[in-house]
Amino acid sequence: SCGCYGAEVARELIKKTHNRGQHLYFIRSGPYIKIGRANKVNLRLTQIRSMNPFGAVLVRCIENEGYREHSLHEQFKDFHHTGEWFLLKDEDLREV
């Protein structure tokens, strides 16, 4: 192999390197799920809870896969509500 990559593969490699150590998280508040990334998910959950009158629960966390955030926003764009919040069921995340 010459070490050359297509543009899409190169972008994914850059994202993985840039977001190394960031964790992908899914936080539920009411009927909505926030898809985000953070280095310290527990701290992020505390921040979201403090700004949210409906409470928030961590549904799932995938270590070191924060680079997948944007592709999941695209995957679930038909369920987009606002910002990083999506109208999803927990079952929708089984394939993630």
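A short tour of the structure in this document, coming up. (Residues numbered from 1 in each chain as written. Predicted model: local features only at pLDDT ≥ 70, side-chain atom pairs only at ≥ 80, totals over all residues. Heavy atoms only, no water.)

## So, the overall build of the protein
Piece 1. When helices and strands are tallied, the protein shows 3 helices and 5 strands.
Piece 2. Residue burial in the protein is summarised as follows: out of 96 residues, 33% are buried.
Piece 3. The contacts of the protein with a sequence gap of at least 6 include a subset with a gap of at least 24, amounting to 61%.
Piece 4. Accessible surface, the protein: about 6,500 Å² in total, of which carbon and sulfur atoms supply 51%. (Helix = DSSP H or I, 4+ residues; strand = E, 2+ residues; numbered from the N terminus. Buried < 20%, exposed > 50% of the residue type's maximum accessible area, 1.4 Å probe, protein only. Contact = heavy atoms within 4.5 Å. Areas by Shrake-Rupley, 256 points an atom, 1.4 Å probe, with all protein chains shown as cover.)

## Remarks on the sheet that holds strand β3 (residues 57-62)
Piece 1. The strand order β3-β1-β2-β5-β4 describes an open sheet built from 5 strands, whose pairing is antiparallel. Every interior strand has two partners, whereas the edge strands, β3 and β4 (80-82), have only one. Neighbouring strand axes in the sheet, compared pairwise and without regard to direction, differ in orientation by 30° on average.
Piece 2. By the bridge criterion, 3 bridges tie strand β2 (residues 32-38) to strand β5 (residues 85-87) in an arrangement that is antiparallel. Bridge pairing links Y32 to L87 in β5.
Piece 3. Its contacts with the sheet put helix α2 (residues 41-50) on β1 (23-29), β2, β3 and β5, and the angle it makes with β1 is roughly 25°. (Pairing = 2+ DSSP bridges. Axes fitted to C-alpha atoms, helices over the stretch in contact; angles between N-to-C directions.)

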